[in-house]
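# Structural overview for review
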Amino acid sequence: MTNPRLLAVLGPTNTGKTHFALDRMLGHASGMIGFPLRLLARENYDRIVRLKGAGAVALITGEEKIIPPHPRWFVCTVESMPLDRRVAFVAVDEIQLCADPERGHIFTDRLLHARGEQETVFLGAETIKPLLRQLAPGVEFIGRPRFSSLTHTGPRKLARLPPRSVVVAFSAAEVYAMAEFVRRSRGGAAVVLGALSPRTRNAQIGMYQAGEVDYIVATDAIGMGLNMDVDHVAFAALRKFDGRAPRLLEPAELAQIAGRAGRHMNDGSFGTTADAGAIPADMVEAVENHRFPPLKALSWRNSQLRFTSVAALLASLDRPPGQAGLIRARDADDHLALAALAADPDILRLASHPQRVSLLWEVCRIPDFRKVLDESHTRLLGRIFTHLAAPAGRLPTDWLAENLARIDRVDGEIDAIVARIASIRTWTYVANRIDWVADPGHWQEVSRAIEDRLSDALHDRLTNRFVDKRTAVLVRRLRDSGEMAAVVTAEGDVLVEGQYVGRLQGFAFQPDRTETAGAARTVLSAASRALKREIASRLDLLVGDGDPAFTLGPDGIGWRGEIVARLAGGVDLLRPAVEPPESDLLEPPMRERLRRRLTGAVHAIVARDLASLVMVREARLTGAARGLAHQLVEALGSLPLAPARRQVEVLSPADRAALARLGVRFGTESVFLPALLKPATQSLRALLWSIHKGCPTADPPGPKPAVAADPARSPDFYDAVGYRVAGGIAVRVDMLERFAAEARTLAKAGPFEPSRLLLSLLGLGAAATASVLTGLGYERDPAGAFRSGRRPRPRRQSSPVDPDSPFAVLKVR
């Protein structure tokens with residue numbers, strides 16, 4: 001029989017070492033491989049199940065055991081490798097962790113004692129090669145070159161990191177701060193912490209791998225066991241707290257993390273964020289060339305323990321190594337827990353013989369996944385040991401259920417859920433000790449279900465806090481040159497790539513509110529690109545619509561229920577200027593095309609609704625008639641007689657006849673167009689006057705023939721809409737003529753009471769009527785009666801008068 005082969009496959013990250021070992025193991029009739037992380041063990045177990053079937057492979061970790069009746073291969077965490085099983089092949093991954101101050105003694109024990117009957121393979125970094133040669137005589141070495149290159153790119157601002165980057169910080173608080181910044185500037189990031197459960201970590205990485213986010217912010221937990229498509233690794237710090245004190249990263253540590261960049265044949269890069277400073281040149285050279293100082297010693301702890309008493313067990317744990325290249329490991333958590341419980345007389349009294357001491361040691365090895373090892377964990381271990389040392393030899397079912405129920409809550413923030421996950425992982429470990437609990441399968445399912453619920457809740461909390469899904473989706477699609485999918489609902493809501501981005505009102509896009517300027521720019525850019533086809537289609541539809549499709553209002557020009565442009569003062573009151581929205585959605589030629597069509601629609605609406613006024617403007621008049629027509633047009637159809645008196649006086653009979661045919665009426669108070677006194681026409685007059693004056697549009701008095709004038713409104717406004725202000729009362733010009741005629745008739749017979757006049761009959765009352773009379777120049781005597789004042793007497797009317805007009809009775813002198 002040939003001697004078993006002892007092989008070390010060494011090299012940097014991304015060299016295919018794990019793939020090599022799995023191929024070698026599956027080539028043997030049986031085998032076992034130990035990974036440094038439960039996550040890695042599960043990932044490779046699933047891979048082998050797909051290849052060989054679930055009945056052929058077992059999974060053994062501290063928190064999960066899947067062992068079919070007759071497995072051929074075992075996939076384990078290094079701590080859980082069942083070394084009492086005889087297998088043809090044994091492999092240990094990341095063997096350089098023998099030098100780790102906390103877990104290194106476990107890896108060193110496997111290096112010294114774990115052997116396959118036919119082949120043993122150690123996978124790891126070149127730094128362990130000299131000590132491997134020293135401690136494992138006869139070992140063969142195979143070097144594995146990295147598939148891709150790793151290049152230093154120097155510092156970069158966090159906001160300028162390329163997509164598919166990992167940002168590495170060394171505390172949860174720093175990770176959260178960095179992730180928050182990336183969310184605001186780039187839409188979000190996946191978060192990876194050592195405290196995450198494998199399920200949560202996989203969900204976060206899955207989000208990144210699926211392209212839902214382009215960034216990961218992580219602690220150095222990212223450096224091992226996660227295969228991702230990463231192009232760049234940026235260090236936010238070059239110092240870390242190692243459990244005792246802050247220190248600079250070692251070159252090999254930095255390389256392990258930086259090596260996440262560039263997978264398979266794709267090259268990667270690494271650097272720092274701008275605030276972290278530059279990586280020293282000698283460290284950069286070491287990482288790029290994969291040359292690091294060899295390890296000087298490996299952590300070791302005696303595995304030949306004595307269980308005759310607790311004191312003997314502690315003494316055997318303190319035994320120093322007897323071989324060069326090994327150093328005594330730092331006191332691990334299990335050792336510290338044992339020392340703490342050894343100070344409890346009740347515990348010592350129970351641990352009275354070797355079997356109980358061995359049980360106590362097994363209890364002390366229950367991990368504290370919170371990584372704090374405070375008194376609460378030690379007290380829990382003491383309670384577990386006390387229950388197990390009782391005659392029943394099992395944990396009480398009610399007590400176990402009570403502790404699990406206390407953890408089974410998904411409320412709270414991130415840190416609270418992280419703490420519960422750490423607690424349930426401890427109980428999952430306990431439930432997997434089949435000799436400690438009744439019905440272990442049930443409790444394993446219960447604890448696993450609780451961990452899954454907490455893990456899903458934590459993933460949701462992390463995603464909600466650190467991912468702006470909309471911005472992330474839009475940023476990713478904006479990098480592509482293809483067309484973006486856009487949907488505009490009947491209500492005007494705009495969805496781009498399924499994300500709500502704002503509202504489209506006519507041709508103006510109103511973006512949804514965002515938290516940052518960067519997110520706002522992303523929303524606008526995405527909308528501008530995605531809505532191009534919609535805007536072009538809308539413009540074609542608008543240009544093809546007839547004039548009845550358009551309306552004019554205080555907000556601008558309406559089209560199919562939406563405002564599509566503003567109105568501003570133009571060359572004259574009847575021709576306001578059209579101002580399409582200033583929008584990136586409208587390119588200059590499109591904007592001009594829109595302006596031309598809307599200008600035509602405005603002119604058509606004015607010509608339709610103010611037809612008599614447009615006829616006056618376009619009539620072929622001469623001399624005084626032409627001047628009066630111009631004044632009437634500028635006054636929007638109602639002109640006080642006083643400023644036009646001189647032109648009226650010089651009108652020839654032919655001029656008066658021509659103006660009369662155009663609908664112009666001459667009264668003693670005003671010159672006006674009766675056709676323009678309808679409420680709808682008055683509203684358009686009010687709008688055109690307000691636009692031309694650049695002031696807010698006010699509603700005209702409406703159908704009421706007389707109202708109290710609003711002091712805040714200019715008298716010119718009332719003139720423009722067909723009213724005259726007399727004594728603080730705004731009276732429609734046609735009604736004012738009737739009123740003035742009645743007043744003249746009454747005045748001929750002497751002083752008269754205001755109640756006899758028309759406005760009183762319209763409900764304004766005597767006081768308002770008196771105000772109008774005063775405004776028209778009538779004088780009031782002490783008894784309250786009115787008589788004619790010093791008003792110019794009307795001249796005799798010499799132009800034809802419509803016999804049906806109420807003004808036919810007026811004679812102008």
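In case you missed it, the structure is sitting above this.
Rules used throughout
- Residues numbered from 1 in each chain as written.
- Predicted model: local features only at pLDDT ≥ 70, side-chain atom pairs only at ≥ 80, totals over all residues.
- Heavy atoms only, no water.
- Helix = DSSP H or I, 4+ residues; strand = E, 2+ residues; numbered from the N terminus.
- Rg over C-alpha atoms; globule rule 2.2 N^0.38 Å.
- Buried < 20%, exposed > 50% of the residue type's maximum accessible area, 1.4 Å probe, protein only.
- Areas by Shrake-Rupley, 256 points an atom, 1.4 Å probe, with all protein chains shown as cover.
- Pairing = 2+ DSSP bridges.
- Axes fitted to C-alpha atoms, helices over the stretch in contact; angles between N-to-C directions.
- Phe/Tyr/Trp six-rings, centres within 6.5 Å; stacked < 30°, edge-to-face > 60°.
- Lys NZ or Arg CZ within 6 Å of the ring centre and 35° of its normal.
- Contact = heavy atoms within 4.5 Å.
- Parallel < 35°, antiparallel > 145°, perpendicular 65-115°, else oblique.
- Left-handed = near helix turned anticlockwise from the far one by under 90°.
- Nonpolar A, V, L, I, M, F, W, Y, C, P; charged D, E, K, R; others polar.
- Right-handed = clockwise from strand over helix to strand, strands pointing away.

### A word on the overall build of the protein
Across its full length, the protein carries 29 helices and 34 strands. Radius of gyration (C-alpha) of the protein: 46 Å, far over the 28 Å computed for a compact globule of 813 residues. With respect to the three principal axes, the spread of C-alpha positions in the protein is 140 × 55 × 45 Å. Per-residue burial for the protein yields a buried fraction of 51% across its 813 residues. Surface summary for the protein: the accessible area is close to 37300 Å², and the carbon and sulfur share equals 52%.

### Re the sheet that holds strand S10 (residues 165-168)
Within the open sheet, the six strands sit side by side as S9-S16-S13-S10-S12-S11. Their pairing is parallel. Of all strands in the sheet, those with a lone pairing partner are strand S9 (150-156) and strand S11 (190-192), marking the two edges. For this sheet, the mean angle separating the axes of adjacent strands, direction not counted, is 20°. Across four bridges, strand S13 (residues 232-235) lies against strand S16 (residues 268-273) in parallel orientation.

### Section: the packing of aromatic side chains
The geometry of two aromatic rings is summed up by the distance between their centres and the angle between their planes. All chains considered together, the criterion is met by seven aromatic pairs. Measuring from ring centre to ring centre gives 6.4 Å for Phe 507 and Trp 559, while their planes differ by 20°; the resulting arrangement is stacked. Of this pair, Phe 507 sits in the loop between strand S21 (499-505) and strand S22 (508-511) while Trp 559 sits in strand S24 (residues 556-559), and the two are 52 residues apart along the sequence. Like Trp 559, Phe 507 is buried. When the centroid spacing of 5.6 Å and the interplanar angle of 65° are considered together, the rings of Trp 689 and Phe 717 count as edge-to-face. Of the two residues, Trp 689 sits in helix H25 (residues 679-693) while Phe 717 sits in helix H26 (residues 715-720), which places them 28 residues apart along the sequence. We classify Trp 689 as buried; its relative accessible area is 11%. Following the ring pairs from residue to residue traces out a cluster consisting of Trp 689, Phe 717 and Tyr 718. The ring of Tyr 208 carries the charged tip of Arg 164 above its face, separated from the ring centre by 3.8 Å. The ring of Tyr 176 is capped by Arg 465, whose NZ or CZ atom sits 5.1 Å from the centre of that ring.

### Points about helix H12 (residues 354-364)
Of all the positions in H12, only Val 357, Leu 359, Leu 360, Trp 361, Val 363 and Cys 364 are classed as buried. At its buried positions, H12 is contacted by helix H9 (310-317), helix H10 (333-342), helix H11 (345-350) and helix H13 (375-388).

### Concerning the sheet that holds strand S29 (residues 670-672)
Strand order in the open sheet formed by three strands is S27-S29-S28, with antiparallel pairing between adjacent strands. The open sheet has two free edges, formed respectively by strand S27 (638-640) and strand S28 (665-666), since each of these has just one partner strand. With three bridges connecting them, S27 and S29 associate as antiparallel partners. When the bridges of S29 are listed, Pro 640 appears paired with Ser 670.

### A closer look at the environment of Lys 371
Mapped onto the fold, Lys 371 is located in the loop between H12 and H13. Spatially, the C-alpha atoms of Lys 371 and Lys 240 are 16 Å apart, while their sequence positions differ by 131 residues.

### So, unusual backbone geometry
In this structure, Asn 14 takes a positive phi of about 60° despite not being glycine. Within the secondary structure, Asn 14 sits in the loop between strand S1 (5-10) and helix H1 (17-26). At Asp 439, a residue that is not glycine, the phi angle is positive and equals roughly 55°. Here Asp 439 shows up in the loop between helix H15 (414-431) and helix H16 (440-466).

### Examining the packing of H9 against H12
Following both chains from N to C, one finds H9 and H12 inclined at 50°, their axes separated by 9 Å at the closest point. Regarding the angle of H9 to H12, the classification is oblique. Our pair here, H9 against H12, has a crossing hand that is right-handed. Residue-level inspection shows Val 310, Leu 313 and Leu 317 of H9 in contact with H12, the latter providing Val 357, Leu 360 and Trp 361. Taken together, the residues of the contact of H9 with H12 break down into six nonpolar, no polar and no charged.

### Description of the pairing of strand S6 (residues 89-92)
Looking along a regular strand, one sees the side chains alternate between the two faces of the sheet. In S6, alternate side chains face the same way, and those of Phe 89 and Ala 91 on one face and Val 90 and Val 92 on the other are all buried. In this structure, strand S2 (residues 31-35) lies alongside S6, joined through four bridges in parallel fashion. Residue pairing in the sheet places Gly 31 in a bridge with Phe 89 of S6. When S6 meets strand S7 (residues 119-124), the two strands line up parallel, connected through four bridges. Paired with Ala 91 across the two strands is Val 121, which belongs to S7. In this fold, S6 hands off to helix H3 (residues 104-113), which returns the chain to S7; that crossover is right-handed.

### Regarding the packing of H1 against helix H2 (residues 38-52)
Contact pair H1 / H2: the axes reach a minimum separation of 12 Å and the direction vectors enclose 45°. When the interaxial angle is binned, H1 and H2 end up oblique. Crossing geometry of H1 relative to H2 is assigned as right-handed. Across the interface between the two elements, Thr 18, Leu 22, Met 25 and Leu 26 from H1 touch Asn 44, Arg 47, Ile 48, Leu 51 and Lys 52 from H2. Classifying every residue of the contact of H1 with H2 by side-chain character gives five nonpolar, two polar and two charged.

By themselves, these figures tell us nothing about what the structure is for.
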